[in-house]
Amino acid sequence: MSRAISTSAKHVPYIPIMSNTDQYTVGWICALQTEYLAARAFLEKRHDPPEELSPNDNNHYTLGEIRGHQVIIAVLPDGEYGTSSAACVARDMLHSFPNIRFGLMVGIGGGAPTKQDIRLGDIVVSSSRSGHSGLLQYDFGKEIQGYEFHQTGFLNQPPPILRTAVAGLRTQYEEEGHRLKESIQSVLEGNKRLRRKYAPPPLESDRLYDSQYTHQDLPSNCAEICDEWKLILRLQRTEDEDNPAIHYGLIASGNRLMRNAMFRDKLAEEQDVLCFEMEAAGLMNHFPCLVIRGVCDYADSHKNKEWQGYAAMMAAAYAKDLLHQIVPQRVSHERKATEAIRG
């Protein structure tokens, strides 16, 4: 299957057709406006907005096409985060677009650089590991006596069509390497307004601190206030290594923003967690989907927004390549998402 290279955002064709909500089969959900813009930038064609939605559907949608797939992109309301908000967006999407077969939750997250060499700008894809479905809802656990973690629930796996596509794309990347940076560059060349926020930040701004060292002054930048002697020194990646790298494994999801590096490392060590985010657990048992996260921070107290735009672009570029692995006609034979939920 040919590799997907993004067309420039400036040249994405706008197709002035009346959008029939029954024709759309792929639902793509973003939590933040930054992620929403990145998703829109990778559409190969863009359609008219729907003229009619289900009653009480307050979602904002962008409709379009990727490799023949009819795609709906939605974003959570401004200022709303967490599993319940994501679940509401997915519910309304399925009411208005009844023929959706599967979904993608695409955006940014906090990396857990404990067992794997995870760096800012890398991608984490939810994938079954250690008996987990690929997504762990850490709110299901109990923190007792020094943050010991006990899992009390499991979340559904993505549908087989998505897991097969992940396997195929992973094989292609291992054999040929990926061209995600080139895809992003093509988008940025087509829209100069995006460059300041969505271009790759300088590598020296990728700063990983010792887990026991907390940020010294929250309003200030780490480079200005934090102790450089507490930085973890890491070798630069070689030319033989993918950079950014793509990691496959367990993503932890919950309503609390992870800013505790000690607890991050504990979950990473005990549960093999690679990434933390705040929305996907609201979807997995009600909206069959795959979770794709670009790493924008290290889920610690040293958070900043410098890498958010580029990490969002990385996740969206991967999602587009993933859809290129799936034959559109094959999707129509899948069960509708509403039927899969009912079992």
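These numbers come from a predicted model, not from an experiment. (Residues numbered from 1 in each chain as written. Predicted model: local features only at pLDDT ≥ 70, side-chain atom pairs only at ≥ 80, totals over all residues. Heavy atoms only, no water.)

1. Remarks on the packing of aromatic side chains
Tallying each qualifying case throughout the model produces five aromatic pairs. On the numbers, 5.7 Å between centres and 35° between planes, the contact of tyrosine 209 with tyrosine 213 is tilted. There is no split in this pair, since tyrosine 209 and tyrosine 213 are both buried. Measuring from centroid to centroid gives 6.2 Å for tryptophan 307 and tyrosine 310, while their planes differ by 65°, and the two rings are edge-to-face. The class of tryptophan 307 is buried, set by a relative accessible area of 3%. Through successive ring pairs, a cluster of aromatic residues spans Tyr24, Tyr61 and Phe97. (Phe/Tyr/Trp six-rings, centres within 6.5 Å; stacked < 30°, edge-to-face > 60°. Buried < 20%, exposed > 50% of the residue type's maximum accessible area, 1.4 Å probe, protein only.)

2. Comments concerning the pairing of strand β10 (residues 273-277)
Burial analysis of β10 places five of its five residues in the buried class, the great majority of the element. Sheet topology places strand β6 (residues 102-111) next to β10; two bridges connect them, and they run antiparallel. Paired with glycine 111 across the two strands is cysteine 275, which belongs to β10. One crossover worth recording links strand β9 (residues 246-253) to the parallel β10 by way of helix α7 (residues 261-271), and it is right-handed. (Helix = DSSP H or I, 4+ residues; strand = E, 2+ residues; numbered from the N terminus. Pairing = 2+ DSSP bridges. Right-handed = clockwise from strand over helix to strand, strands pointing away.)

3. Focus on the pattern of salt bridges
Summed over the entire model, instances satisfying the criterion amount to 16 salt bridges. Here arginine 264 makes a salt bridge to aspartate 300, at a shortest N to O gap of 3.9 Å. Of this pair, arginine 264 sits in helix α7 while aspartate 300 sits in the loop between β11 (289-297) and α8 (308-323), and the two are 36 residues apart along the sequence. Arginine 264 gets classed as buried once you look at its relative accessible area, which sits at 2%. A relative accessible area of 3% places aspartate 300 in the buried class. It is possible to trace a salt-bridge network through shared partners that takes in Glu35, Glu277, Glu279 and Arg293. (Salt bridge = Lys/Arg side-chain N within 4 Å of Asp/Glu carboxyl O.)

4. Things to note about the nonpolar core
Where a protein is soluble and globular, its nonpolar side chains tend to be buried together. Within the largest apolar cluster, 86 residues are counted, with the highest numbers of intra-cluster contacts made by Trp28, Leu104, Met313, Tyr318 and Leu322. The greatest single-element share of this core, amounting to 12 residues, is contributed by α8. In this structure, Leu250, Met258, Leu267 and Val273 belong to the second largest nonpolar core, which totals 12 residues. (Core = buried A, V, L, I, M, F, W, Y, C linked by side-chain atoms within 4.5 Å.)

5. Observations concerning the pairing of strand β5 (residues 69-75)
In terms of burial, β5 is largely enclosed, as seven of its seven residues are buried. In β5, alternate side chains face the same way, and those of His69, Val71, Ile73 and Val75 on one face and Gln70, Ile72 and Ala74 on the other are all buried. Summarising the sheet, strand β4 (residues 60-66) and β5 pair through seven bridges and their orientation is antiparallel. For histidine 60, the partnering residue across the bridge sits in β5 and is valine 75.

6. Some points on the confidence of the model for the protein chain
Per-residue pLDDT for the protein chain averages 87, and the proportion of residues at 70 or more is 86%. Segment residues 142-147 is flagged for pLDDT under 50; beyond a separation of four residues in sequence, or across chains, it makes 11 contacts in the model. (pLDDT = per-residue confidence, 0-100. Contact = heavy atoms within 4.5 Å.)

7. Remarks on helix α2 (residues 83-96)
Helix length check: α2, at 14 residues, gives a terminal C-alpha distance of 20 Å against a target of 20 Å (1.5 Å per residue), a fit within 8%. For α2, the complete set of buried residues consists of Thr83, Ser85, Ala86, Val89, Ala90, Asp92, Met93, Leu94 and Ser96. (Expected span 1.5 Å × (residues − 1).)

8. What about a negative patch on the surface?
A grouping of Glu239, Asp240, Glu241 and Asp242 is seen on the molecular surface, where their side chains present a negatively charged patch. The topology assignment puts aspartate 240 in the loop between α6 (222-225) and β9. (Patch = residues over 30% accessible without salt bridge, like charges linked within 9 Å, V, L, I, M, F, W, Y side chains within 5 Å. Areas by Shrake-Rupley, 256 points an atom, 1.4 Å probe, with all protein chains shown as cover. Lys, Arg positive; Asp, Glu negative; His and termini not counted. Charge placed at Lys NZ, Arg CZ, Asp CG, Glu CD.)

9. Regarding unusual backbone geometry
Cis peptide bonds are those with omega within 30 degrees of zero, and the linkage from asparagine 243 to proline 244 qualifies with 0°. Take proline 244: it is sitting in the loop between α6 and β9. Its identity as a non-glycine residue notwithstanding, arginine 67 has a phi of 50°, on the positive side. Residue placement: arginine 67 occurs in the loop between β4 and β5. Even without glycine at this site, alanine 299 takes up a positive phi of about 55°. Summarising the element assignment, alanine 299 is placed in the loop between β11 and α8.

10. Some words on the side chain of arginine 207
By the secondary structure assignment, arginine 207 is in the loop between α5 (195-198) and α6. At 4.2 Å, glutamate 228 is the nearest oppositely charged side chain to arginine 207, a buried residue that forms no salt bridge. Here tyrosine 209 takes part through its side chain, which lies 3.1 Å from a polar atom of the side chain of arginine 207. Those residues in contact with arginine 207 that sit more than four places away from it in its chain are Cys222, Ala223, Glu228, Leu231 and Tyr298. (Polar contact = N/O pair within 3.5 Å; in protein donor to acceptor, adjacent residues only side chain to side chain.)

11. Quick notes on the environment of alanine 38
With respect to the helices and strands, alanine 38 occurs in helix α1 (residues 33-41). On a C-alpha basis, the gap between alanine 38 and leucine 194 in space is 9.5 Å, while along the polypeptide they are 156 residues apart.

12. Thoughts on helix α4 (residues 180-190)
For α4, the set of buried residues is Leu180, Ser183, Ile184, Ser186, Val187, Leu188 and Gly190. Looking at the buried side of α4, the elements it contacts are α1, β7 (123-126), α3 (160-176), α5, β9 and α8.

13. Details of the environment of arginine 234
Here arginine 234 is to be found in the loop between α6 and β9. Taking the C-alpha atoms as reference points, arginine 234 and arginine 207, separated by 27 residues in sequence, lie 9.8 Å from one another. Excluding anything up to four places from it in sequence, arginine 234 contacts Asp117, Ile118, Arg119, Asp206, Leu208 and Tyr298. A distance of 3.5 Å separates a polar side-chain atom of arginine 234 from the backbone oxygen of isoleucine 118. A distance of 3.1 Å separates a polar atom in the side chain of arginine 234 from a polar atom in the side chain of aspartate 206.

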